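# Observations on the model geometry
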Amino acid sequence: MKKAEIKITVELDEGNNPDNILWESTDSGNADKVPAKAMFLSVWDHNYKNTLKIDLWTKDMPVDEMKRFFYETLQTMADSFLKATNETLIVEDLRDYCAHFADKMGIIEGQ
């Protein structure tokens, strides 16, 4: 069986706020730690039927990039939901909301 490991390193300031987020993967083909400004990690706990979440961003994450990050995350959640459930009608609604979100946040889709 093939195994891969993803490692996330978070460097915190004196107030326990993320200064730096670095990630690396044994399966990426890149041996370097890659910097990130934000991350969302969600894990489904089957036993308790709930989601375990870690949402982090560095204090120097620009607001316009955070808006874009949320927009792209919402879009990929719709893609994943469609792939997992084949529920096309609700995914159309999710994509409509993504377009609404992009409009309200001043994000131009496709850029």
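The preceding data block contains the structure.
Report on the accompanying structure. (Residues numbered from 1 in each chain as written. Predicted model: local features only at pLDDT ≥ 70, side-chain atom pairs only at ≥ 80, totals over all residues. Heavy atoms only, no water.)

So, on to the overall build of the protein chain. Across its full length, the protein chain carries 2 helices and 5 strands. The order of α-helices and β-strands along the protein chain, N terminus first, is β-β-β-β-β-α-α. For a compact globule of 111 residues, the expected C-alpha radius of gyration is about 13 Å, and the protein chain comes in at 17 Å, more than 25% above that figure. Dimensions along the principal axes, computed over C-alpha positions, put the protein chain at roughly 40 × 40 × 30 Å. Classification of the 111 residues of the protein chain by burial places 20% in the buried group. Across the protein chain, contacts joining residues at least 24 apart in sequence account for 31% of those joining residues at least 6 apart. A total of about 8700 Å² of accessible surface is found on the protein chain, and carbon and sulfur atoms cover 54% of it. Here the protein chain contributes 13 positive and 21 negative side-chain charges, whose respective centroids are spaced 4 Å apart. (Helix = DSSP H or I, 4+ residues; strand = E, 2+ residues; numbered from the N terminus. Rg over C-alpha atoms; globule rule 2.2 N^0.38 Å. Buried < 20%, exposed > 50% of the residue type's maximum accessible area, 1.4 Å probe, protein only. Contact = heavy atoms within 4.5 Å. Areas by Shrake-Rupley, 256 points an atom, 1.4 Å probe, with all protein chains shown as cover. Lys, Arg positive; Asp, Glu negative; His and termini not counted. Charge placed at Lys NZ, Arg CZ, Asp CG, Glu CD.)

The biggest cluster of nonpolar side chains holds 5 residues, and these are Tyr71, Cys98, Phe101, Ala102 and Ile107. Top contributing element to this core by residue count: helix α2 (residues 88-105), with 3 residues. (Core = buried A, V, L, I, M, F, W, Y, C linked by side-chain atoms within 4.5 Å.)

This brings us to the packing of helix α1 (residues 63-85) against α2. Taken N-terminus to C-terminus, the directions of α1 and α2 make an angle of 175°; their axes are 9 Å apart at the nearest point. On the basis of their axis angle, the class for α1 and α2 is roughly antiparallel. For the pair α1 and α2, the contacting residues are Lys67, Phe70, Tyr71, Leu74, Gln75, Ala78, Asp79, Phe81 and Leu82 in the first and Thr88, Ile90, Val91, Leu94, Arg95, Tyr97, Cys98, Phe101, Ala102 and Met105 in the second. Looking at side-chain class alone, the contact of α1 with α2 contains 14 nonpolar, 2 polar and 3 charged residues. (Axes fitted to C-alpha atoms, helices over the stretch in contact; angles between N-to-C directions. Parallel < 35°, antiparallel > 145°, perpendicular 65-115°, else oblique. Nonpolar A, V, L, I, M, F, W, Y, C, P; charged D, E, K, R; others polar.)

Okay, the layout of surface pockets next. Its volume calculated, the largest pocket comes out at about 320 Å³. Lining the largest pocket we find Phe40, Ser42, Val43, Trp44, Thr51, Lys53, Asp55, Phe69, Phe70, Thr73, Thr76 and Met77. Listing elements by their share of the lining of the largest pocket, those giving two or more residues are β4 (38-45), β5 (50-57) and α1. Here the element with the most residues in the lining of the largest pocket is α1; it accounts for 5 residues. A class-by-class count of the residues in the lining of the largest pocket yields 6 nonpolar, 4 polar and 2 charged. For the lining of the largest pocket, the two domains that each supply at least three residues are domain 1 (1-58) and domain 2 (61-110). Lining the second largest pocket, in full, are Ile6, Ile8, Ile21, Trp23, Ala36, Ala38, Met39, Phe40 and Leu41. (1 Å grid on protein atoms, 1.4 Å probe; cavity = no way out; pocket = protein on both sides within 12 Å on 5 of 7 lines; lining within 4 Å. Points joined across faces, edges and corners; volume = space filled by probe spheres on them. Domains from an automatic or database assignment.)

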